[in-house]
There are 2 protein chains.
Amino acid sequence: MKIFSFWRSLATYRVRIALNLKGITPDEVIEINLLKGQQRDAAFKAINPMGAIPALIDGEGPPLFESLAIIEYLDEIKPNPPLLPKDPKARARVRGLAQIVACDSHPLVVPRVREYLAHEFKVDEAGVAKWAGHWIAAALGALEQHLTHGKQTGNFCHGDQITIADLCLASQAAGAHFFKVDMGPYPTVKRIADNCMKNEAFAKAHPLKQPGAPAAA
Amino acid sequence: MKIFSFWRSLATYRVRIALNLKGITPDEVIEINLLKGQQRDAAFKAINPMGAIPALIDGEGPPLFESLAIIEYLDEIKPNPPLLPKDPKARARVRGLAQIVACDSHPLVVPRVREYLAHEFKVDEAGVAKWAGHWIAAALGALEQHLTHGKQTGNFCHGDQITIADLCLASQAAGAHFFKVDMGPYPTVKRIADNCMKNEAFAKAHPLKQPGAPAAA
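### Comments concerning the relation of the copies chain B and chain A
- Least-squares fitting of chain B to chain A yields an RMSD of 0.0 Å, with the superposition described by an axial translation of 0.0 Å and a rotation of 180 degrees. Taken together, the rotation angle and the small translation identify this as a two-fold axis. Considering only C-alpha atoms, the part of chain B nearest the rotation axis is B:Cys103, at 2.1 Å.
- By residue overlap, the copies meet face to face through one surface: 100% of the interface positions of chain B are interface positions in chain A.

### Quick word on empty space enclosed by the protein
- Tallied over the entire structure, the rule returns three cavities of 30 Å³ or more.
- When its volume is computed, the largest cavity comes out at roughly 120 Å³.
- A:Leu68, A:Glu72, A:Arg95, A:Ala98, A:Gln99, A:Ile164, B:Leu68, B:Glu72, B:Arg95, B:Ala98, B:Gln99 and B:Ile164 are the residues that line the largest cavity.
- When residues of the lining of the largest cavity are traced back to their parent elements, those giving at least two are helix H3 (67-77) and helix H4 (88-102) of chain A together with helix H3 (67-77) and helix H4 (88-102) of chain B.
- Taken together, the residues of the lining of the largest cavity break down into six nonpolar, two polar and four charged.
- By volume, the second largest cavity is sized at about 50 Å³.
- B:Leu10, B:Arg14, B:Val101, B:Ser105, B:His106, B:Val109, B:Ile136, B:Ser171, B:Gln172 and B:Gly175 are the residues that line the second largest cavity.
- Among the elements of the structure, helix H1 (10-22) and helix H7 (164-178) of chain B are those that each provide at least two residues to the lining of the second largest cavity.
- Element by element, the count of residues in the lining of the second largest cavity is highest for H7(B), at three residues.

### Some points on the interface of chain B and chain A
- Contacts between the two partners involve 49 residues from chain B and, on the opposite side, 49 residues from chain A.
- Taken together, the two surfaces of chain B and chain A that pack against each other cover about 4,400 Å², and 69% of this comes from carbon and sulfur.
- Linking chain B with chain A are ten salt bridges.
- Between A:Lys130 and B:Glu120 there is a salt bridge, and its shortest N-O distance comes to 2.8 Å.
- If you look at where chain B meets chain A, you find 16 residue pairs in polar contact (both at pLDDT 80 or more).
- Where the side of chain B that touches chain A is concerned, the elements lending two or more residues are strand E4 (64-65), H3, H4, helix H5 (111-120) and helix H6 (125-149) of chain B.
- With eleven residues, H4(B) is the single largest residue contributor to the side of chain B that touches chain A.

### Regarding the layout of surface pockets
- There is about 740 Å³ of room inside the largest pocket.
- If you trace the largest pocket, you find 40 residues lining it, with A:Met50, A:Gly51, A:Ala52, A:Val110 and A:Arg112 closest to the centre.
- If you list the elements that add at least two residues to the lining of the largest pocket, you get helix H1 (10-22), H3 and helix H5 (111-120) of chain A together with H6 of chain B.
- Sorting elements by how many residues they give to the lining of the largest pocket places H5(A) first, with seven residues.
- Per-class residue counts for the lining of the largest pocket are 21 nonpolar, nine polar and ten charged.
- Quantified by volume, the second largest pocket comes out at close to 550 Å³.
- As for the second largest pocket, its lining consists of 32 residues, and the residues nearest its centre are B:Leu34, B:His106, B:Val110, B:Pro111 and B:Arg112.
- Broken down by secondary-structure element, the contributors of at least two residues to the lining of the second largest pocket are H1, H3 and H5 of chain B.
- Here the lining of the second largest pocket gets four residues from one element, more than from any other, and that element is H5(B).
- Taken together, the residues that form the lining of the second largest pocket break down as 18 nonpolar, seven polar and seven charged.

### Focus on the sheet that holds strand E1 (residues 2-5) of chain B
Residues and elements named next belong to chain B.
- Pairing is mixed across the open sheet formed by four strands, whose spatial order is E2-E1-E3-E4. Sheet topology places strand E2 (28-31) and E4 at the edges, where each strand pairs with a single neighbour.
- Bridge count for strand E3 (residues 55-57) against E4 is two bridges, and the pairing is antiparallel. Bridge pairing in E4 links Ala-55 to Phe-65.

Each value, and the rule that gives it
- Residues numbered from 1 in each chain as written.
- Chains lettered and ligands numbered in written order.
- Predicted model: local features only at pLDDT ≥ 70, side-chain atom pairs only at ≥ 80, totals over all residues.
- Heavy atoms only, no water.
- Least-squares fit on C-alpha atoms with pLDDT ≥ 70 in both.
- Contact = heavy atoms within 4.5 Å.
- 1 Å grid on protein atoms, 1.4 Å probe; cavity = no way out; pocket = protein on both sides within 12 Å on 5 of 7 lines; lining within 4 Å.
- Points joined across faces, edges and corners; volume = space filled by probe spheres on them.
- Helix = DSSP H or I, 4+ residues; strand = E, 2+ residues; numbered from the N terminus.
- Nonpolar A, V, L, I, M, F, W, Y, C, P; charged D, E, K, R; others polar.
- Buried area = accessible area lost by both parts, 1.4 Å probe.
- Salt bridge = Lys/Arg side-chain N within 4 Å of Asp/Glu carboxyl O.
- Polar contact = N/O pair within 3.5 Å; in protein donor to acceptor, adjacent residues only side chain to side chain.
- Pairing = 2+ DSSP bridges.

Treat this as a map of the structure, not an account of what it does.
In structure tokens form, the structure reads like this:
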């Protein structure tokens, strides 16, 4: 198994956590340096035409793409420990929480979007930071409401089982740190993020623990 | 079953197609008028804190949210006709194609994002239209590459079975129409979108066929 990765990619962070939880060690980790724009190179676009990471090649391929699709793939080929509950409504809740992060928030703060704002709309650095903070906070607020009011919330998003929602919540917390979003208004999210970080599968997958990462960011 | 819906919502369009394919008629369709900002009303935010549609309540609830989570729920409670293939790599491909639309593209053009650009960054109408067109085209380009080069592409995204990827592709084609994006450069996407529209489940779910829709948009 080969994974296309970069230390700072929050979507790749989610997949790294899943790999760790499943006990899968990729044979190869191929760096796609987002800060150098390598995701736009023709060689990588042949792997993933969207020009985004992660991408994952298992055996003969073809390359798999989109973090949640890859995580569900890993969950299907190696079902233990499961990353989704069994009941359909519970699965929908977990997938919905994950998608608040992976659909409603993270796609708005990826490099290509921040670059578009800066180049096309001439938004300055402070404006781009405000934009990123706004969408990260919007999702954190929605997660907080769901998790505070949801009867199923436990040590993790859904009871005491680690699910796809926790992988996404952890990536959202890392994004909040990168973009200096105060976690104070989101105590339930923070509690769960802290629980996640006590787990080695999350801790060693963290962006700042990857090759190439700065000492602090 | 109750669905919170609006004629123009592309994410709700996907769910309507799934309901039609599964032969499920909701007992109630509750309009959340996005043009009047009803998605931000406290009453609706108690249903979905993200302030987005669709949301769906089946029986006692709780409300389900996020279109792809709802569609997989419907696929799990009513497995026929299936909206995912059986093979894990095929499922990952279908989910990945769906997520190119539902994660990488559509969240960038929803009302709350266009409103932020206009209000916070003072982007004019032409600029917002250019923004929307850019992200819609980026995903259409990625889909076209996947579908042209993928050996599994058939009458639909994955062979001749209608899958979640087709629901998303149809919503992307409707979005391209709304935002006047030329489909010329994406002949494979267009071919599949045309095949979808020959199916009554897609045709009658189309935004322009819903109550409240203008005669043309």
